[in-house]
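Each chain, written out:
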Amino acid sequence: MPVFSITGDVDPFLHVSLAKGEKIYCESNAMVMMETNLELKGKMTGGIGAALMRTFANGESFFQQHIEAMRGDGDCLLSPTLPGAMRVLDIGVQQYMISDGAFVAASSGVELKVRTQSLGNALFAQSGGFFITETAGSGQLAVSGFGAMSVLEVTPGKDVVIDNSHVVCWDNRLQYEISMTTGSSGGFLGNLINSQTSGEGMVLKFSGTGKILVCSRNRAAFLAWTQSKPA
């Protein structure tokens, strides 16, 4: 199986070692360097329908990069679009739900499936509306977050609330719901006003048992800040 590792402290690379015949796939434009034993092709993973669903669900590129060790063993370096940390997750016993733009790369045994959300979550979600991406199969998966990344452990009786823009991925055993505020009362209009005046957008409420990966930076807020500055 391909070996994933993180190299570098600030804006690290994803280093992947492949034995002859092994394959990985990654987000479009992720490849930085690869040895000549490797071959890169752009493909629609899972066919047109699956590619379209992933594009709607997770903002991924329609075509992904597929790297295969055709002529012998080889290494490659990959990098996410935004600056920040990366984590390598073992997929198999545990599966994950993935937020917008978090996917970097996966071994060929990992599948990214698109499933429907509940109506309430779909109406308030910022990634994919009625659809969300979930892992399946087994292997390794690399995800990235804008800024630093941390792991939060959720246990029964200790629910957590996280700004939607800071969530990278989460254990699929967790229950979650999306709302506009951290409050539990006030009605739709009151929650909408509180969401705007508090400076918070959508939040995700998690319960159950499992882990969540969060990042320190908010892409939407950072983009709005850069656009507000004079040239």
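Residues numbered from 1 in each chain as written. Predicted model: local features only at pLDDT ≥ 70, side-chain atom pairs only at ≥ 80, totals over all residues. Heavy atoms only, no water.

1. Looking at the overall build of the protein
Thought 1: Helix and strand counts for the protein come out as four helices and 19 strands.
Thought 2: Looking at the 231 residues of the protein, the share that counts as buried comes to 42%.
Thought 3: By sequence separation, contacts in the protein at least 24 residues apart represent 78% of the contacts at least 6 residues apart.
Thought 4: Of the accessible surface of the protein, which amounts to about 11,600 Å², a share of 56% is contributed by carbon and sulfur atoms. (Helix = DSSP H or I, 4+ residues; strand = E, 2+ residues; numbered from the N terminus. Buried < 20%, exposed > 50% of the residue type's maximum accessible area, 1.4 Å probe, protein only. Contact = heavy atoms within 4.5 Å. Areas by Shrake-Rupley, 256 points an atom, 1.4 Å probe, with all protein chains shown as cover.)

2. Some points on the sheet that holds strand β2 (residues 13-18)
Thought 1: Spatially, the four strands line up as an open sheet ordered β1-β2-β7-β4, and their pairing is antiparallel. With one partner strand each, in any of the chains shown, β1 (3-7) and β4 (31-34) form the two edges of the open sheet. This sheet shows a mean twist of 25 degrees between the axes of neighbouring strands, independent of strand direction.
Thought 2: Across five bridges, β1 lies against β2 in antiparallel orientation. Opposite V3, over in β2, you have S17 as the bridge partner. (Pairing = 2+ DSSP bridges. Axes fitted to C-alpha atoms, helices over the stretch in contact; angles between N-to-C directions.)

3. Some details on the nonpolar core
Thought 1: Grouped together as the largest cluster of nonpolar side chains are 17 residues, with contacts concentrated most on L89, L141, V143, V168, C169 and L213.
Thought 2: Where this core is concerned, the elements lending two or more residues are β8 (86-91), β9 (96-98), β10 (103-107), β11 (110-116), β13 (139-144), β16 (167-171) and β19 (210-215).
Thought 3: Beyond its immediate sequence surroundings of up to four residues, L141 is in contact with R87, V88, L89, I91, I98, F103, A105, A106 and T135.
Thought 4: If you look at the next biggest cluster of nonpolar residues, it comprises 16 residues, including L14, V16, L18 and V104. (Core = buried A, V, L, I, M, F, W, Y, C linked by side-chain atoms within 4.5 Å.)

4. Some remarks on the confidence of the model for the protein
Thought 1: With 74% of its residues at a pLDDT of 70 or more, the protein has an overall mean of 81.
Thought 2: Every residue in residues 119-130 is under pLDDT 50, and counting partners more than four places away or in other chains gives 26 contacts.
Thought 3: Confidence over residues 182-199 falls short of pLDDT 50; this stretch has 16 contacts with residues more than four positions distant or in other chains. (pLDDT = per-residue confidence, 0-100.)

5. Describing the packing of aromatic side chains
Working definition: an aromatic ring pair is given by the centre-to-centre distance plus the angle between the planes.
Thought 1: With the rule as written, the count across this model stands at five aromatic pairs.
Thought 2: Residues Y176 and F206 carry aromatic rings whose centres are separated by 6.4 Å and whose planes lie at 35 degrees to one another, so their mutual orientation is tilted. Here Y176 is found in strand β17 (residues 175-179), whereas its partner F206 is found in strand β18 (residues 203-207), with 30 residues between them in sequence.
Thought 3: By relative accessible area, Y176 is classed as buried at 15%.
Thought 4: Of the residues examined, F206 reaches a relative accessible area of 1% and is grouped as buried. (Phe/Tyr/Trp six-rings, centres within 6.5 Å; stacked < 30°, edge-to-face > 60°.)

6. Description of the sheet that holds β18
Thought 1: Here three strands make up an open sheet; going across it, the order is β15-β18-β17 and the pairing antiparallel. Both edges of this open sheet fall to β15 (160-163) and β17, since each of them pairs with a single strand only. Averaged over neighbouring strand pairs, the angle between their axes works out to 25 degrees when direction is ignored.
Thought 2: Two elements, β15 and β18, share four bridges in a ladder whose sense is antiparallel. Bridge pairing in β18 places D163 opposite V203.

7. A closer look at the state of the cysteines
Thought 1: In the structure shown here, the tally under the stated rule is zero disulfides.
Thought 2: Here C26 stays unpaired: no disulfide links it, and the sulfur of C76, its closest cysteine neighbor, is 7.1 Å away.
Thought 3: For C26, a relative accessible area of 0% translates into the label buried. (Disulfide = S-S within 2.5 Å.)

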